[in-house]
Amino acid sequence: MKLFFLVCNFLLLSCIVLGQTSVQLSSSEIKLGIQKLRVTGSVLYIAAHPDDENTRLLSYLATERQVRTGYLSLTRGDGGQNLIGTEQAEELGLIRTQELLAARKIDGAEQFFTRANDFGFSKTSEETFKIWNKDSILSDVVWVIRKFRPDVIITRFPPDARAGHGHHAASAILAIEAFKAAADPLAFPEQLSFVKPWKSHRILWNTFNFGGNNTTSEDQLKIDVGQYNALLGQSYGEIASESRSQHKSQGFGVAKQRGESFEYFQLLGGAPARKDLLEGREENWKIAPNGASIAKLVAEVNRDYRIESPEKSVPALLRLYEMMSGLPDQQLKALKMAEVADLILAASGTWFEVYASEPAYSITDSIPLRIQAISRYPGGAAIAPIISGASEQKTSLAYNRMESLDERVKASRLSQPYWLENAHPIGEYKISNREYIGMAESPAPLAITINLHIDGRTIPYNRPVVYKFTDPVRGEVYRKLEVTPPVVIALQSSRLLYTDEQPQSLEVKLKSFNSAAKGDLRLKLPDGWTSNPQSVPYQMTTKGEERTFRFEVKAGQSAVSGQLTAELTTDGVTWSKAMRSIHYDHIPATTWFPEAAINLVRLQVRKAGNRIGYIPGAGDLIPESLKQMGYEVIMLSPGSLDNIDLSSFDAIVAGIRLYNVSPAIKHANDKLLKYVEDGGVLLVQYNVSQPLMLPNIGPYPFSITRSRVTEEDAPVKMLHPEHRIFNYPNKITARDFDGWVQERGLYFGGSIDPRYESLLAMRDMGEVENTGALFVSNYGKGRFVYTGLSFFRQLPAGVPGAYRLFVNLISR
C-alpha cells in the first residue's frame, strides 16, 4: 500500500489553535472514536460562566452516550475573582477561557461563548438585562443553536431567583427564548444567509442539590451518570473531577468521585421525555439517504477493529470516508468526515505538524516554517508540499523515519483574541466578524491545509503553525505562534496620579519584532495636559531590541482625569499596541495586544504616615497603587513575621483573601493583633467564609457572609460622619463614592460584635440596608479595620474617592 503526504494552500481561518497539533490516540481511544461514528445526536448545555457547567454530565454525554456535546457559556468569567494572580477583567477572562478549553479536552465536550461580558455579580436577571443588550445576546444564543443544531438543550439554572445569580437566571431565560426563536425563520433573519432555522426536540433544566438548595425530585427524569468506562479505565465522576479541577483561578479543585451518581431534569419546553434525554429523535443515520449503508459499514469497522493492530482498519475507514462524502446534509457530512479523518490518521500511525523556529514574528515578516512528518503505515510514503508561490518539493518517507521540510510564508492578521479587537461597553464585546461569534478562540493567525494521500484517496487536514521548545522541567512545550505589530509599546506605569500640578515622569519602552524599525513616538493626551518632549524619533536595527524614552507629563490648571495613549509610526503606519502575556502552567501561554494607554488621575488627597507593610493574599494590585501615591510599601510574608519588628510600620494591610489562602496566617495573626494593641493600624480586606484558616480574624468576633452590593452607584450612607475615619487626613463626603466600578463591595461582615463600629450603610435597589461593608474597632492603642469594599478594583481603576478613603483607613 502506498501513502502520500501533500501540503497545499495556506488558510488563515483555521479554528485549530493549540497544543500538540496532530491527532495522537491510543488504541482504546480509537475504538471509542469508531463507536462514536454510530451516533448522530447532539446536546447543548447552557449556563452563564466558566465553572457553571456540569462536567460529570458533559463527560457522560460525550463518551458514554457518544453524542456531540457542547457547552455554551454566555460569558468568559471576566468579572469574577482570581485566586492565582492579579489579573482582572479581560485578562481574567482570557485565563478562564483557557481553563474551560482545558476542561473540555478532558470531558470531551466542545466550547462556545456569546459576546456577553461578565460585569460582576448581579442579583436579578432584570439588573443583568439592564447592562447586557438582551437582543444581541439572545441573537448569539440563537446563532450557536442554529450552527450546533442540538437535539436537546439543557440549562444549568432555572429562569428565576432559585438560580442565585442574575446572570444564572438570565442564561436560562435566554436559553428558553432561543429554543423557540432558533426554529422561527422570522427571528434574526439576517442569520439565514449563513445558517438555517433549527428546532430542537426539547429544553430541560438540569436541577441540582447544592448550596443548601435542593431542586431535584424523584418525579423528574433521572439518569445515572456515574458509570465506568472500561476502555478509559475511569468512571465519568473521575473524568469530571479532572475536568472541573482545571478551574484553578476559581479554586475549584475537587476530589475524584466514583460510583453511581444521578442527574435530574425538568422539562422547560418541547416534547416530554419519560426515560431518556434523547427520547423521540430519529434513530442514528435513519434519515440520511445512504444512512443504512453508512450504519452497516460503521458496525463492520467496529466489529473487526483489533486494538493490537489499528492500522488494519484503515482501508475500511477510507471506504467509510468516501461513503460519507455523498451525504446531502453538509453539516453532518463535515462533522462525521472530520471524525473519520482523525481516526484514519491515528490508526495509520501518521503524524505531522508545522512549527516556527521562534515564538513571535512581526506581521510584516516572512516567517520560516518547518514541516515534520512521519508514518508507520505499511508500504512506505512520500510527501509533496505545495505552497503558493513556491516550487514543488518531493520527499520520500521511509517507514517510521521523521522527515522535515522548510518553507517561508507571511501572516495577514495579529494573534489577537477576536473579542478584544475593539473597545467595548460594560455589557458586551463588539465583534466585527459575525462568523466568529460563538467561537472559543480566534482562528490561528497562520495555518496550512495538509492533504494526506493514502491508498489512492486524499484527505485534507488543517494544522496551525505553532512554536515548540524544550523546557528542562516541563519537557516539550507547545505555544501558539504570536504574530505581533512591528513594534510594541510598554508604558512603565499603570496610571499616573496627580495630587498637584508638578509634572510626572513616564518611561515608555519600545520593543521591535522587525530586524529594522524607525519612526516617531508620541503621547496622545486629553485637553489641558502636555508632555515634554511632544515626540521623539526612534530607530532599532535588530529584532528584539528595546529602547526606553522618558516623557514629562504635566497637568494644566484646567486638566481633568483622562486617558493617555502612546502611539508610534513605522513604515508609514501608525501603531498604538502594547503586548501582554499570561503564563500559568495549567493553561497555554496567552498573548494579546491592548492599546498602550493608561489613566491620568487628578487626585486631591493628603497622606498621613509613610511606611506600609503589605501581606499579599490571593493577589491584587493595591501595593502598586500605594507606591504611586508615594508610600513606602514593604511586602511581608506571614511565615516570616516572627522575625520582623512590626512597630516600624505606620499600617499593615492584608491582601484580599489572605485568611483563605495562607496557612501561615493562622500562626501569625496573634502577632498582628499585638501590633494593633501596641498602636498600629491593621486593615483586612475581604475574605470568603470557607475555608478560613482561623475562626476569629479580628480582636472580637464577626462572621463573613455572602452579602454584597453589586450596584456600583448604590447610595452610601455614612453612619458616623464625625468619625475620625471620615475626617483625617481627608474629609470624606458622598462625592467620594462617585465613579466606582463594577460593585461597592462583597463578602460583608455579619454577626458583628458590638465592640466594633460599623461606619457605612448601603444597599442594592429593593433590598434592606447592610452595615457590614466597613467596621472598625479601637483595640489597645491601635485600630483594627475590616472592609468588604472592593478597593482591589477601585484603586487600579483610578477612582479618586476610593484612594482618599483608603488613605484614611491606613492613617493613625
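The structure displayed is predicted, hence computed values, not measured ones.

Caption draft 1: Inspection of the overall build of the chain at higher detail. Of regular secondary structure, the chain possesses 15 helices and 45 strands. In terms of overall dimensions, the chain is globule-like: its C-alpha atoms have a radius of gyration of 29 Å, near the 28 Å expected for 812 residues. Projected onto its principal axes, the C-alpha coordinates of the chain cover approximately 85 × 70 × 55 Å. Considering the chain as a whole, with its 812 residues, one finds that 58% of them fall into the buried category.

Caption draft 2: Geometry of the pairing of strand 23 (residues 487-491). Where burial is concerned, most of strand 23 is hidden: four out of the five residues are buried. Here five bridges tie strand 23 to strand 25 (residues 504-512), and the two strands are oriented antiparallel to one another. By the bridge assignment, V488 is partnered in strand 25 with K511.

Caption draft 3: Structural context of the pattern of salt bridges. According to the stated counting rule, one finds 42 salt bridges in the structure shown. Measuring nitrogen to oxygen at the nearest pair gives 2.7 Å for the salt bridge that ties E110 to R68. One end of the pair, E110, is in strand 4 (residues 110-113); the other, R68, is in strand 3 (residues 68-73), and 42 residues separate them in sequence. Its relative accessible area of 17% is what places R68 among the buried residues. Among the salt bridges present, the one from K509 reaches E546, with a minimum N-O distance of 3.8 Å. With K509 in strand 25 and E546 in strand 29 (residues 546-555), the pair connects residues that are 37 residues apart, well separated along the chain. We classify E546 as partly exposed; its relative accessible area is 42%. Bridged by salt links that share partners, the residues E53, R104 and D107 form one connected network.

Caption draft 4: Molecular detail of the confidence of the model for the chain. Chain-level statistics for the chain give a pLDDT mean of 92 and a share of 95% at 70 or above. Counted against residues more than four places away or in other chains, residues 1-19, with its pLDDT under 50, gives 94 contacts.

Caption draft 5: Fine view of helix 3 (residues 89-107). Compared with an ideal rise of 1.5 Å per residue, which puts 19 residues at 27 Å, helix 3 spans 27 Å between its outermost C-alpha atoms and is within 8% of the ideal. In terms of burial, helix 3 is a largely internal element, 15 of the 19 residues being buried. The positive-phi residue at the C-terminal boundary of helix 3 is G108, with phi of around 90 degrees.

Caption draft 6: Representation of the nonpolar core within the structure. Judged by nonpolar contacts, the single largest core of 80 residues is most densely connected at I344, L506, V508, L510 and V553. Counting residues per element, this core draws most heavily on helix 10 (residues 330-347), at nine residues. L510 has contacts with V487, V488, I489, L521, Y538, M540, E545, E546, R547, F549 and L568, leaving out every residue within four places of it along the chain. Membership of the second largest hydrophobic core comes to 45 residues, among which are F129, W132, I137 and Y584.

Caption draft 7: Main features of the sheet that holds strand 45 (residues 782-787). A sheet is described by the order of its strands in space; here seven strands give the open sequence 36-35-37-38-45-44-42, paired in mixed fashion. The sheet is open, and its two borders are formed by strand 36 (632-635) and strand 42 (757-758), each paired with just one other strand. With six bridges joining them, strand 44 (residues 774-779) and strand 45 adopt antiparallel strand pairing. Its bridge partner lying in strand 45, F775 is registered against Y786. Contacts between helix 13 (residues 665-677) and the sheet are confined to strand 35 (611-615), strand 37 (651-654), strand 38 (681-684), strand 44 and strand 45, with strand 45 contributing the most and set at about 125 degrees to the helix.

Caption draft 8: Geometry of the side chain of Q742. By the element assignment, Q742 lies in the loop between strand 40 (716-718) and strand 41 (749-750). Using a relative accessible area of 17% as the deciding quantity, one classes Q742 as buried. At a separation of 3.0 Å, a polar atom in the side chain of Q742 contacts the main-chain carbonyl oxygen of G79. Residue contacts for Q742: discarding those within four places in its chain leaves G79, F119, G120, T710, E712 and R793.

Caption draft 9: Local environment of empty space enclosed by the protein. The final tally for this structure, using the stated rule, is two cavities of 30 Å³ or more. Considered as a void within the structure, the largest cavity measures approximately 310 Å³ in volume. In terms of lining residues, the largest cavity is bounded by 24 residues, among which S415, E441, S442, K480 and T591 are the most central. Empty space within the second largest cavity amounts to approximately 60 Å³. Taken together, 13 residues line the second largest cavity, and the ones lying closest to its centre are N82, E87, Q88, I656 and F792.

Caption draft 10: Summary view of the packing of helix 9 (residues 314-324) against helix 10. Between helix 9 and helix 10, the shortest axis-to-axis distance is 9 Å and the interhelical angle comes to 165 degrees. Regarding the angle of helix 9 to helix 10, the classification is roughly antiparallel. The hand of the helix 9/helix 10 crossing is left-handed. Along the contact surface, helix 9 presents V314, L317, L318, L320, Y321 and M324, while helix 10 presents K333, K336, M337, V340, A341, L343, I344 and A347. In the contact of helix 9 with helix 10, the residues fall into twelve nonpolar, no polar and two charged.

Caption draft 11: Layout of helix 15 (residues 800-809). Helix 15 sits mainly inside the fold: nine of its ten residues count as buried. Along helix 15, the residues classified as buried are G801, A802, Y803, R804, L805, F806, V807, N808 and L809.

Caption draft 12: Here's a closer look at unusual backbone geometry. The residue after Q690, namely P691, is reached through a cis peptide bond having omega -5 degrees. Examined against the element boundaries, P691 turns out to sit in the loop between strand 38 and strand 39 (703-704). Cis rather than trans, the peptide bond between Y728 and P729 has omega equal to -5 degrees. Examined against the element boundaries, P729 turns out to sit in the loop between strand 40 and strand 41. With a phi angle near 60 degrees, Q66 is a residue other than glycine that sits in the positive phi range. For Q66, the position within the fold is in the loop between helix 2 (55-64) and strand 3.

Caption draft 13: Quick peek at the sheet that holds strand 3. Spatially, seven strands are ordered 4-3-2-5-6-12-9 in an open sheet, and the strand pairing comes out mixed. What marks the edges here is a single partner per strand, and that holds for strand 4 and strand 9 (221-224). Taking each pair of neighbouring strands and ignoring which way they run, the sheet shows an average axis angle of 30 degrees. Two elements, strand 5 (residues 152-155) and strand 6 (residues 202-207), share four bridges in a ladder whose sense is parallel.

Caption draft 14: The packing of helix 2 against helix 7 (residues 236-244), seen in detail. Two elements in contact, helix 2 and helix 7, have axes whose closest approach is 8 Å; the angle formed by their N-to-C orientations is 125 degrees. Between helix 2 and helix 7, the crossing angle belongs to the class labelled oblique. When the axes of helix 2 and helix 7 are compared, the crossing they make is right-handed. Packed against helix 2, whose contacting residues are T55, R56, S59, Y60, T63 and E64, the element helix 7 presents Y236, G237, I239, A240, S243 and R244 at the interface. For the contact of helix 2 with helix 7, a count of residues per class yields four nonpolar, five polar and three charged.

Caption draft 15: Local environment of the packing of aromatic side chains. Going through the model one piece at a time under the given rule, you end up with 27 aromatic pairs. Between Y418 and W419, the ring centres sit 5.1 Å apart and the planes meet at 85 degrees, which makes this aromatic pair edge-to-face. Take Y418 and W419: they sit in the same class, and that class is buried. Measuring from ring centre to ring centre gives 6.4 Å for F702 and F784, while their planes differ by 40 degrees; the resulting arrangement is tilted. Linking F702 in the loop between strand 38 and strand 39 with F784 in strand 45, this pair joins segments that are 82 residues apart in sequence.

Conventions adopted
- Along each chain, numbering runs from 1 in the same order as the chain's sequence is written.
- In keeping with the model being predicted, local features are shown solely for residues with a pLDDT of at least 70 and side-chain atom pairs are shown and tallied solely at 80 or more, while totals for entire chains, interfaces and linings include all residues.
- In computing side-chain values, all of the structure's heavy atoms are included and hydrogens and water are not.
- Elements are defined by DSSP. Helices are runs of H or I of four residues or more, strands are runs of E of two residues or more, and each kind is numbered from the N terminus.
- As defined in this context, the radius of gyration uses C-alpha atoms, and a globule is described by 2.2 Å times the residue total to the power 0.38.
- When a residue's accessible area, from a 1.4 Å probe over protein chains only, is under 20% of the maximum for its type it is buried; when over 50% it is exposed; and in between it is partly exposed.
- Here, a strand pair is defined by DSSP locating no fewer than two bridges between the strands.
- Here a salt bridge means any side-chain nitrogen of Lys or Arg lying within 4 Å of a carboxyl oxygen belonging to Asp or Glu.
- For every residue, the predictor assigns a confidence score, pLDDT, that lies between 0 and 100.
- Residues count as neighbours in contact if any of their non-hydrogen atoms are within 4.5 Å of one another.
- To estimate the expected span of a helix, subtract one from its residue number and multiply by 1.5 Å.
- The definition of a nonpolar core used throughout is a set of buried Ala, Val, Leu, Ile, Met, Phe, Trp, Tyr and Cys residues joined through side-chain atoms within 4.5 Å.
- Between N-to-C directions, angles cover 0 to 180 degrees, with each direction set by a line fitted to C-alpha atoms, over the stretch in contact for helices.
- We define a polar contact as two N or O atoms separated by no more than 3.5 Å, with the added condition that, inside protein, one atom must be a possible hydrogen donor and the other a possible acceptor, whereas residues neighbouring each other in sequence contribute only through side-chain atom pairs.
- Using a grid of 1 Å spacing that covers the protein atoms alone, one calls a set of points a cavity when a 1.4 Å probe fits there but cannot get out, and a pocket when the set is open and has protein on both sides within 12 Å along at least five of seven lines; lining residues are those with an atom within 4 Å of a point.
- Grid points are joined across faces, edges and corners, and a volume is the space filled by probe spheres set on the points.
- Between 65 and 115 degrees an angle is taken as roughly perpendicular, under 35 as roughly parallel, over 145 as roughly antiparallel, and anywhere else as oblique.
- Helix crossings are classified by the rotation of the near helix relative to the far one: an anticlockwise turn of less than a right angle makes the crossing left-handed, while a clockwise turn makes it right-handed.
- Throughout, the ten residues Ala, Val, Leu, Ile, Met, Phe, Trp, Tyr, Cys and Pro are labelled nonpolar, Asp, Glu, Lys and Arg are labelled charged, and all others, Gly among them, are labelled polar.
- Ring geometry is summarised as follows: Phe, Tyr and Trp rings, the Trp one being its six-membered ring, pair when their centres sit within 6.5 Å, and such pairs are stacked at plane angles under 30 degrees, edge-to-face over 60 and tilted between the two.

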